[in-house]
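# Geometric and topological summary
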Amino acid sequence: MKKFKKVAALVTVMALGASALVGCSVGGGEKKEGGSSAGSAQTVGFSVSTLNNPFFVTLSDGAKNAAKEKGIQLTVVDAGDDSAKQISDIEDLISKNIKVLIVNPVDSDAVASAVESATKKGIKVIAVDRAVNGAEVECQIASDNVAGARMAAEYLKELVGDGAKVAELEGVPGASAAIDRGQGFHEVADKDLKVVSSQTANFNRAEGLSVMENILQADGDIKGVFAHNDEMALGAVEAIASTGKDIKVVGFDATDDARKAVEDGTMAATVAQQPDLMGKTAVETAISIMEGKSVEKSIPVEVTLIKK
């Protein structure tokens, strides 16, 4: 009998130990931005086009800070400006049973299949900064890129005069921001300026430098440049500096480097977005969706022109 009692006691202790281990596993899951444990009902995935650009770093930080403040789990993945990687990243987020996907597309068309995969799993999707083409999303949060580029073109016209030769540095082909900013620019420039070159530099500073060097070699009479973002604009400024010419450059995003360049007089102007506010708004909208609230289909974020 004593032997039986000892065995029974040992079984009881082992059972309690196993129970404690299981409890530890459930309560101590990996924590992401916001501090909620893995497996929480409030899980949000954020696929950002690239973190090799100050604008998107600020966008991501705005989302992270909001998630931390609201106490939700946010997983941010960096596509590195690679559409195929972004699709793979989104598939991985889907497998983690996220409730809402926030996506900042590398390519607005290419991301559609991944977005459709998410919605088929019952995951709500929010597009931020750039649109998703060919797939339904719950909400689109973005600056008015068309209006901002139109504003930039009007100011460039003021600086260089009607009919002056200008060049355009375009963003990543297929990105809605590049499409919209090109549209806004050409609404003004095609009527009042002479656009002698429109070439992509993929929203990248180094490419902006090399593309601008090539444009200047082809036509030395250019008086102004509109770049679809500040990184390309700053690359153009560097290329122009080596020529000693007075060529007016207007960018888009109002990053810290661009604001300083405007203040220093090396850039004429930049269009200010609010990427931190876009990131914050995306997370707050995701929370509203998870709480079963209805959200606006489109949430615009105001833009302004920054000049010296």
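Our structure's up above, just so we're on the same page.
Keep in mind that this is a model prediction, so the values were computed, not measured. (Residues numbered from 1 in each chain as written. Predicted model: local features only at pLDDT ≥ 70, side-chain atom pairs only at ≥ 80, totals over all residues. Heavy atoms only, no water.)

### What about the packing of helix H5 (residues 145-160) against helix H6 (residues 176-192)?
- Packing of H5 against H6 leaves a shortest axis separation of 7 Å and a crossing angle of 35°. H5 and H6 meet at a crossing whose hand is right-handed. Touching Asn145, Val146, Ala149, Arg150, Ala153, Glu154, Leu156 and Lys157 of H5 are Ala177, Asp180, Arg181, Gln183, Gly184, Phe185, Glu187, Val188 and Asp192, all from H6.
- Class assignment of the residues belonging to the contact of H5 with H6 gives a composition of 7 nonpolar, 3 polar and 7 charged. (Axes fitted to C-alpha atoms, helices over the stretch in contact; angles between N-to-C directions. Helix = DSSP H or I, 4+ residues; strand = E, 2+ residues; numbered from the N terminus. Left-handed = near helix turned anticlockwise from the far one by under 90°. Contact = heavy atoms within 4.5 Å. Nonpolar A, V, L, I, M, F, W, Y, C, P; charged D, E, K, R; others polar.)

### Quick word on the sheet that holds strand S8 (residues 224-227)
- In space, the 6 strands of this open sheet follow the order S7-S6-S8-S9-S10-S12, with mixed pairing throughout. A strand with exactly one partner marks an edge of an open sheet, and here the two such strands are strand S7 (194-200) and strand S12 (304-307). Recorded for the sheet is a direction-independent mean angle of 20° between the axes of neighbouring strands.
- Where strand S6 (residues 165-170) meets S7, 6 bridges bridge the pair, whose relative direction is parallel. Looking at S7, one finds that Glu170 is bridged to Thr200.
- Across the sheet, helix H8 (residues 230-241) is in contact with S6, S8, strand S9 (248-253) and strand S10 (269-272); its angle to S9 comes to roughly 160°. (Pairing = 2+ DSSP bridges.)

### Considering the nonpolar core
- The biggest cluster of nonpolar side chains holds 28 residues, and the ones touching the most others in it are Leu169, Met212, Val225 and Met267.
- Residue assignment for this core shows that the elements contributing at least two residues are S6, H6, helix H7 (205-218), S8, H8 and helix H9 (256-264).
- No other element matches the 7 residues that H8 contributes to this core.
- Residue contacts for Leu169: discarding those within four places in its chain leaves Gln199, Gly208, Val211, Ile215, Val225, Phe226, Ala227, His228, Met232 and Ala236.
- Within the second largest apolar cluster, 24 residues are counted, among which are Ile141, Met278, Ile287 and Ile289. (Core = buried A, V, L, I, M, F, W, Y, C linked by side-chain atoms within 4.5 Å. Buried < 20%, exposed > 50% of the residue type's maximum accessible area, 1.4 Å probe, protein only.)

### Describing helix H3 (residues 83-95)
- Counted at 1.5 Å a residue, the expected span for H3 with its 13 residues is 18 Å, and the 19 Å between its end C-alpha atoms agrees.
- Residues of H3 that are buried include every one of Gln86, Asp89, Ile90, Leu93 and Ile94, and no others. Take H3 and look down its axis: the buried residues cluster within an arc of 140°, on one side only. Opposite the packed face of H3, turned more than 90 degrees from it, sit the exposed residues Ala84 and Ser95.
- Packed against the buried residues of H3 are strand S1 (43-48), strand S2 (73-78), strand S3 (100-103) and helix H4 (112-120).
- Where H3 begins, the side chain of Asp82 points an oxygen toward the backbone nitrogen of Ala84, at a separation of 2.9 Å.
- Positive phi shows up at Asn97, right after H3, with a value of about 60°. (Expected span 1.5 Å × (residues − 1). Arc of directions from axis to C-beta. Polar contact = N/O pair within 3.5 Å; in protein donor to acceptor, adjacent residues only side chain to side chain.)

### Some details on the sheet that holds S1
- Taken in spatial order, the 6 strands make up an open sheet running S2-S1-S3-S4-S5-S11, and their pairing is parallel. Single-partner strands in this sheet number two, and they are S2 and strand S11 (298-301). Between one strand and the next, the sheet's axes are offset by a mean angle of 15°, whatever the strand orientation.

### Re the pairing of strand S4 (residues 124-128)
- Of all the 5 residues making up S4, 4 are buried; the element is thus mostly covered by neighbouring parts of the structure.
- Remark: the S3/H4/S4 crossover connection has right-handed handedness.
- Inspection of the sheet shows S4 paired to strand S5 (residues 139-143) by 3 bridges, in the parallel sense. Note that in S5 the partner of Val128 across the bridge is Ile141. (Right-handed = clockwise from strand over helix to strand, strands pointing away.)

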